[in-house]
Amino acid sequence: MMKRWGHSLRFELRKRPWVWPIVLLLAIGLSIGFWQQRQARTQFIQDYAGRLEKWYTPHKKAGKAEITAFKRSPAAYHQWYMDSLAVNLQKKPQTMALDGFGVRIYNDIDTSRGALSASISRTYTQFLYMKQHKIAPMYPDSLDVETSTGDLAGLNNQSTQMVLRDNPHYYLQGWYYLWYLIRANSVILLFLVGILLTGRQWAKELANKKAHSDWLLLQGQRTLAQLGNQFSIIFYTFAQIVLLPLGLVTLGIGLGAGWGDLRYPVFSFSNPEGLGLAESFMPLGTYLLQAFGLIILLILFLTLLNMIFAQVLRNSWLTTIGLLLVLGITQVMPAIPNFPLTYFRVNETITGILQKAADSDALQPQSALLNLGWWCIGLLVIVLIPVISQQLQQLWRARMASHRHVQQS
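Colleague: Explain the pattern of salt bridges residue by residue, including any values.
Modeller: Once the charged atoms of two side chains with opposite charge are near each other, the side chains can pair. For the structure shown, the criterion picks out 7 salt bridges. When the shortest N-O distance is used, the salt bridge between K92 and D83 registers 4.0 Å. Measuring nitrogen to oxygen at the nearest pair gives 3.8 Å for the salt bridge that ties D166 to R165. The class for D166 is buried, based on a relative accessible area of 0%. Look at the salt bridges and you will find they share partners, linking R51, R165 and D166 into a network.

Colleague: Any chance you could break down the nonpolar core for me, citing the residues and the numbers?
Modeller: Ranked by size, the top nonpolar core spans 98 residues in total, and within it F191, Y287 and F344 carry the most contacts. At 15 residues, the largest contribution of residues to this core is made by helix α12 (residues 284-313). For Y287, the residues in contact, after removing those within four places along its chain, are W179, I182, R183, V266, M282, N347, I350 and T351.

Colleague: Lay out the layout of surface pockets with the relevant residues and their values.
Modeller: Computed from the structure, the largest pocket encloses a volume of approximately 670 Å³. Around the largest pocket, the lining comprises 32 residues; the ones closest to its centre are D144, E146, H169, Y171 and R183. Elements with a contribution of two residues or more to the lining of the largest pocket: α2 (20-55), α5 (117-132), α7 (174-183) and β1 (265-270). The class makeup of the residues in the lining of the largest pocket is 19 nonpolar, 9 polar and 4 charged.

Colleague: So what's going on with a nonpolar patch on the surface? Residues and values would help.
Modeller: On the surface, V312, L313, W317, L318, I321 and L325 cluster together to form a nonpolar patch covering roughly 640 Å² of accessible area. Taken together, the elements giving at least two residues each to the nonpolar patch come down to α12 and α13 (316-330). Mapped onto the secondary structure, V312 falls in helix α12.

Cut-offs used in this document
- Numbering of residues begins from 1 in every chain and follows the order in which that chain's sequence is written.
- At least 70 in pLDDT is required for a residue's local features to be given in this predicted model, at least 80 for side-chain atom pairs to be given and counted, and no such filter applies to totals for whole chains, interfaces and linings, which use all residues.
- As a rule here, side-chain values cover all heavy atoms of the structure and leave hydrogens and water aside.
- Whenever a carboxyl oxygen of Asp or Glu lies within 4 Å of a side-chain nitrogen of Lys or Arg, that contact is scored as a salt bridge.
- Each residue is placed in one exposure class: buried if its accessible area under a 1.4 Å probe, protein chains only, is under 20% of its type's maximum, exposed if it is over 50%, and partly exposed if it falls in between.
- Side-chain atoms within 4.5 Å link the members of a nonpolar core, which is a set of buried Ala, Val, Leu, Ile, Met, Phe, Trp, Tyr and Cys residues.
- To qualify as a helix, a DSSP run of H or I must reach at least 4 residues; to qualify as a strand, a run of E must reach at least 2; elements of each kind are numbered from the N terminus.
- We call two residues in contact when some of their heavy atoms are within 4.5 Å.
- Whether a set of points on the 1 Å grid over the protein atoms alone is a cavity depends on a 1.4 Å probe fitting there but being unable to get out, while an open set qualifies as a pocket with protein on both sides within 12 Å along at least five of seven lines; lining residues are those with an atom within 4 Å of a point.
- Grid points are joined across faces, edges and corners, and a volume is the space filled by probe spheres set on the points.
- Residues were grouped as follows: Ala, Val, Leu, Ile, Met, Phe, Trp, Tyr, Cys and Pro as nonpolar; Asp, Glu, Lys and Arg as charged; and all remaining residues, including Gly, as polar.
- Candidates for patches are residues over 30% relative accessible area with no salt bridge; among them, like charges are joined within 9 Å and nonpolar side chains (Val, Leu, Ile, Met, Phe, Trp, Tyr) within 5 Å.
- To be clear on the numbers: accessible area is Shrake-Rupley with a 1.4 Å probe, and residue cover counts the displayed protein chains and nothing else.

Given below as structure tokens:
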């Protein structure tokens, strides 16, 4: 029986559109951002060097530690940057050589001092963690500015743009670029392509008015096996489209530019002592593990939703359009606790940003994974109801036929 099911699965897989060329095209498309970031960093460093030369004229001796450290090495610049933050936080004394400010660390902004104190404190804490664990920071060093905490709320639009322009982050190693892709919500694009490739799979079979299903029954494949077959094809195709491009891009960048450190601190909200959400950091490895757990559950969710739409609509185009509408809604709807469409914002779910915004423990990462798992089980039951009902009817008819046969005898 398993051999017959495997043969049927291979037959169905051959009927699919070519997937590997699409996977390679998606991987190439996702990797473009890496080269853009490399070019952007080179341009930023050149512009920054020009600003330093212009700012620290030969007649201005004070504060030249910034340009000296910048010219020496990335490690020396990082030490200067960290020491300057310490001066801002009054953890080091201010001196003529180290006044705590520089071209990208402002003495004041919008005529108010301390407007970026939260970002400075967060970045310094992050640097202490990296120093303790011997993790190389991204270069050039920048403030960790988080809009979700209101870091820029008190600034006008011009100052906001200046802060964001002066504090870029470049994700130029394997694990870091994978983190960037998740933060940038690139997974939604991959889901969209997956829907376009799989939306017609089961609905098209159902639209054939059972001709193909009856043929499979004659070959000895039961309805439940046919359903499992279609589920496997849709889920497998989705997984190929979503996971393989991310894996290929990460592998290529990791081998060519280095992997980075999975202990790198990722900003998040947590509630470790039950006293309310507070800012914290999680290791990048934990972030990626939870993010891919959520992504796999979302693939499962879309697979089951695909099969339900196909069973109800029995039209391949309507099924595809319905799934695309669902995907679009996930990007504009507010965060709703315990509602599965909320979890399509992967980065915000894993980092606790949605939990903070909605003020709901139901949106913490562990609860989101558990809740989405239960939704998938519920959808699976809905998918199986027609098959179970059909089998019960067949069993009932067979039993009644047997009973009539006994009475006639």
